[in-house]
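# Commentary on secondary and tertiary structure
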Amino acid sequence: MTDINKQLTIKTNSVKRIHKEVGSYEKEVALETEKLAKKRSTNAEAHEIKRQEAILEESRSMVPDAKKRLQNACDDLSNFITQNESEPGLDFTDARAALQLAVQV
């Protein structure tokens, strides 16, 4: 595997991994929001509600960071594709698919 091929694989896999992270954080926010609503509806103790609010806030703070890292990884991969499109023997299909998937976030 050539150095350029390795770089392409690494950059593509980074976009895929960070895309999964964004999805996981968004699911976590939805889950923690649901837990907080349940605690409030069951009149849980104040310290339990505060603890759940802190957990939710921490989860919410991870989403923008992950999205920023995803954008940076996408930009890096996109620039790499543009710079190396003329290289013979490189297949950018998987990389373009990863970029397309990430754009949907």
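See the structure shown above.
A count of helical and extended segments in the chain gives three helices and zero strands. Its helices and strands taken in sequence order, the chain reads α-α-α from the N to the C terminus. Each principal axis of the C-alpha distribution contributes one length, and for the chain these read about 65 × 20 × 15 Å. Within the span of the chain, comprising 105 residues, buried residues form 28% of the whole. Computing the positive centroid from 17 side-chain charges and the negative centroid from 18, the chain places the two 4 Å apart.

The subject of this paragraph is helix α3 (residues 93-103). When we look at burial in α3, the residues that qualify are A95, A98, L99 and A102. Each buried residue of α3 lies within a common arc of 100° when the element is viewed along its axis, so the set occupies one face. Exposed side chains of α3 directed beyond 90 degrees from the buried face belong to T93 and Q100.

Okay, the pattern of salt bridges next. In a structure, side chains of opposite charge can pair up when their charged atoms sit close to one another. Scanning the model with the defined rule gives ten salt bridges in all. A salt bridge links E48 to K39, with the nearest nitrogen and oxygen atoms 3.8 Å apart. By relative accessible area, which is 31% here, E48 ends up partly exposed. For R40, the salt bridge is made with E53, and the minimal N-O distance between the two is 2.4 Å. With R40 in helix α1 (residues 3-41) and E53 in helix α2 (residues 46-84), the pair connects residues that are 13 residues apart, well separated along the chain. Within the structure, one salt-bridge network assembled from shared partners comprises R17, E21, D65 and R69.

Grouped together as the largest cluster of nonpolar side chains are 17 residues, with contacts concentrated most on L8, V15, L70, C74, L77 and I81. Secondary structure elements with two or more residues in this core: α1, α2 and α3. Looking at which element gives the most residues to this core, the answer is α2, with seven residues. Ignoring any residue separated from it by four or fewer positions in sequence, one finds I81 in contact with F92, A95, R96 and L99. Core analysis: the next-biggest nonpolar cluster, separate from the first, contains five residues, V29, L36, L56 and V63 among them.

So, about the environment of T33. One can find T33 in helix α1. A relative accessible area of 33% means that T33 is categorised as partly exposed. Separated by 37 residues in sequence, T33 and L70 place their C-alpha atoms 24 Å apart.

The rules behind the values
- Residues numbered from 1 in each chain as written.
- Predicted model: local features only at pLDDT ≥ 70, side-chain atom pairs only at ≥ 80, totals over all residues.
- Heavy atoms only, no water.
- Helix = DSSP H or I, 4+ residues; strand = E, 2+ residues; numbered from the N terminus.
- Buried < 20%, exposed > 50% of the residue type's maximum accessible area, 1.4 Å probe, protein only.
- Lys, Arg positive; Asp, Glu negative; His and termini not counted.
- Charge placed at Lys NZ, Arg CZ, Asp CG, Glu CD.
- Arc of directions from axis to C-beta.
- Salt bridge = Lys/Arg side-chain N within 4 Å of Asp/Glu carboxyl O.
- Core = buried A, V, L, I, M, F, W, Y, C linked by side-chain atoms within 4.5 Å.
- Contact = heavy atoms within 4.5 Å.

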